[in-house]
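One-letter residues, chain by chain:
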Amino acid sequence: IHFETYILHDDKIGKVFAEALCERARAGVKVRLLVDWLGSLMKSGPGFWRSFAKAGVDARSFGYPTIDSPLGWVSRDHRKSLAVDGRVAFVSGLCVGDEWLPNEKTGREAQRDTGVMIEGPAVADVEAAFAEAWATTGERLPIDELPDAASIAACGDVALRVIPTIPATAGVFKLDQLVASVARETLWITDAYFVGVSAYVRALIAAAQDGVDVRMLVPGTVDVFGVGAMSRSGFRALLEGGVRIFEWNGPMVHAKTAVADGKWARVGSSNLNITSWFGNWELDVAIEDEGFGRQMMETFERDLENSTEVVLKERKLFTVERRRKPRMEDWRRHGRSTTRAAAAGAIRMGRTLGAAITKRREVGPAEAINLFWSSLIFLGLGVLALWVPKAISLPFGIIAVWFAIAGLFQSWRLYYRHGRVPEATGQTAERVEDKRDGAHPGQRRPA
């Protein structure tokens, strides 16, 4: 059993998963659990994790801060997958927590999410994606424990591709832009933390102006403070460009899906924001099948029955029916560690301000609010620095010391791991090594 998730709570449903994994481990099954450190931070206590170790579950944490990688925590493992015996796999946007379950006592609805079950050769791709992330946390998986796609019998005739993305690859971003450009009839998108960049916003508007029915379903109440406002800041440009936007009336829609022309669909963990596209480890499945596409369209249409369309009137955004503002206890009940979305908004605001100052690209109307707030934030920081210098200098000093210690540790480790650099030879260390390996002077060997 290979289980990878961003959030694992020590709550009712979390204990159900934990006991199931521990029971299988005690029965002799090899169980490996990979959980993101930041996503599950303060969601479970030490005793919860000791129970895994006691049962024989190999549990690891991804991306915790270390002195040799001071910025290692920036990129998160946002994948959600479960693979069993190289036979069946699940890929989704679901984490493990009570938020994804209804509560009859409080009347709380379950979060709306989407996932797929996979059988057949593609399971090997899900297993390989898990192995890739697992290798970053320690010893690699034995090769003989990874299934070969050729050895797995076909199951059905649905064409699909597993898309594992890592930081700086932008694979899903390119795919999303491509789909927006090739859609001819419909493009229906559901996203939990939409903070679109200009290139993607322009692609959606271009599709709508070409006659494509472009619709986007987003949460009406976002469980991360400020992300809803950042998301809505880009609504006007989309609405004026012909894109229809709907807000979910329930507590939270957490799905990340898209379906184009009823023939192509994407389901997985990637949100439409900078953090997911460029910074995180994500896992998605692209499916090319009219039957599956039809199911996705039917699901989307059912979701719209519980949604409110956002329209333009007198230069203001409004929704047809007003919703009750979430109370403080609602934030506590539904809140989770979703700093990835907040970070995406912060990055977007910073990029907008930089673009406006350097004039390296045109800043569109969709970014006016971002430019306003980012400028206001910098103004506040400047006033704070002049009025209370310690409020700025103290955090900066702590960060500087942390990076200095990390750099010194790295230099010490590199020095003693690779040995001292040859001295007084008139050659660089690289050339001495080349000569020793039998290479021609100045010729480099591939790593």
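Residues numbered from 1 in each chain as written. Predicted model: local features only at pLDDT ≥ 70, side-chain atom pairs only at ≥ 80, totals over all residues. Heavy atoms only, no water.

J.: So what exactly am I meant to see when it comes to the overall build of the protein chain here?
T.: What the protein chain contains, in helices and strands, is 14 helices and 15 strands. Counting over 447 residues, the protein chain shows a buried share of 45%. When contacts within the protein chain are restricted to residue pairs at least 6 apart in sequence, those whose partners lie at least 24 apart make up 76%. Of the roughly 23,900 Å² that the protein chain leaves accessible, carbon and sulfur atoms contribute 59%. (Helix = DSSP H or I, 4+ residues; strand = E, 2+ residues; numbered from the N terminus. Buried < 20%, exposed > 50% of the residue type's maximum accessible area, 1.4 Å probe, protein only. Contact = heavy atoms within 4.5 Å. Areas by Shrake-Rupley, 256 points an atom, 1.4 Å probe, with all protein chains shown as cover.)

J.: Any chance you could explain the nonpolar core here in plain terms?
T.: Inside soluble globular proteins, nonpolar side chains tend to come together where they are buried. Ranked by size, the top nonpolar core spans 37 residues in total, and within it Leu 187, Tyr 200 and Leu 204 carry the most contacts. Elements represented by at least two residues in this core include exactly α4 (171–182), β8 (186–190), α5 (198–209), β9 (213–219), α7 (235–240), β11 (257–260) and α8 (274–279). Among the elements that make up this core, the one with the highest residue count is α5 (7 residues). Leu 204 has contacts with Ala 180, Leu 187, Ile 189, Val 214, Met 216, Leu 238 and Val 243, leaving out every residue within four places of it along the chain. (Core = buried A, V, L, I, M, F, W, Y, C linked by side-chain atoms within 4.5 Å.)

J.: Looking at this model, I keep getting lost on helix α1 (residues 12–26). Mind explaining?
T.: Here α1 contains 15 residues, and its C-alpha end-to-end distance of 21 Å stays within 8% of the 21 Å for a straight helix at 1.5 Å per residue. Buried within α1 we find Ile 13, Gly 14, Ala 18, Leu 21, Cys 22 and Ala 25. Packing partners of the buried residues in α1 comprise β1 (2–5), β2 (32–36) and α2 (46–55). (Expected span 1.5 Å × (residues − 1).)

J.: Can you walk me through the pattern of salt bridges in this structure?
T.: Any two side chains of opposite charge can pair if their charged atoms end up close together. A full pass over the atoms with the stated rule returns 15 salt bridges. Notably, a salt bridge pairs Asp 303 with Arg 112, separated by 3.0 Å at the nearest N-O pair. Here the residue Asp 303 occupies a position in helix α9 (residues 290–304), and Arg 112 occupies one in the loop between β5 (88–92) and β6 (115–119), the gap between them amounting to 191 residues. Relative accessible area serves as the criterion here: at 7%, Asp 303 is assigned to the buried category. Connected through salt bridges with shared partners, the residues Lys 30, Arg 32 and Glu 145 form a single ionic network. (Salt bridge = Lys/Arg side-chain N within 4 Å of Asp/Glu carboxyl O.)

J.: Explanation requested: the side chain of Asp 289 in the structure shown.
T.: Position of Asp 289 among the secondary structure elements: in the loop between β13 (282–288) and α9. Here Asp 289 occupies a buried position and makes no salt bridge, while the nearest side chain of opposite charge, Arg 294, is found at 6.8 Å. Of the polar contacts made by the side chain of Asp 289, one reaches the backbone nitrogen of Phe 292; its length is 2.9 Å. With residues up to four places along the chain from it excluded, the contact list for Asp 289 reads Val 158, Gly 262 and Lys 263. (Lys, Arg positive; Asp, Glu negative; His and termini not counted. Polar contact = N/O pair within 3.5 Å; in protein donor to acceptor, adjacent residues only side chain to side chain.)

J.: What's the story with the packing of aromatic side chains in this structure? I'm lost.
T.: The geometry of an aromatic ring pair comes down to the distance between the two centres and the angle between the two planes. Following the criterion strictly, the structure yields 10 aromatic pairs and no others. For the ring pair Trp 49 and Phe 52, a centre distance of 5.4 Å and an interplane angle of 45° mean the geometry is tilted. Of this pair, Trp 49 and Phe 52 both sit in helix α2, 3 residues apart, roughly one helical turn. Judged by relative accessible area, which is 1%, Phe 52 ranks as buried. Note on Tyr 200 and Trp 277: the rings are 5.2 Å apart at their centroids and 65° apart in plane angle, and the pair reads as edge-to-face. Of the two residues, Tyr 200 sits in helix α5 while Trp 277 sits in helix α8, which places them 77 residues apart along the sequence. Across this residue pair, the class does not change: Tyr 200 and Trp 277 are buried. (Phe/Tyr/Trp six-rings, centres within 6.5 Å; stacked < 30°, edge-to-face > 60°.)

J.: I would appreciate a short explanation of the environment of Leu 82 in the present structure.
T.: By secondary structure assignment, the location of Leu 82 is in strand β4 (residues 81–84). On the accessibility criterion, Leu 82 (21% relative accessible area) is partly exposed. C-alpha separation for the pair Leu 82 and Val 123, spaced 41 residues apart in sequence, amounts to 9.9 Å. When neighbours within four sequence positions are excluded, Leu 82 is seen to be in contact with Ile 1, His 2, Phe 3, Val 88, Ala 89 and Phe 90.

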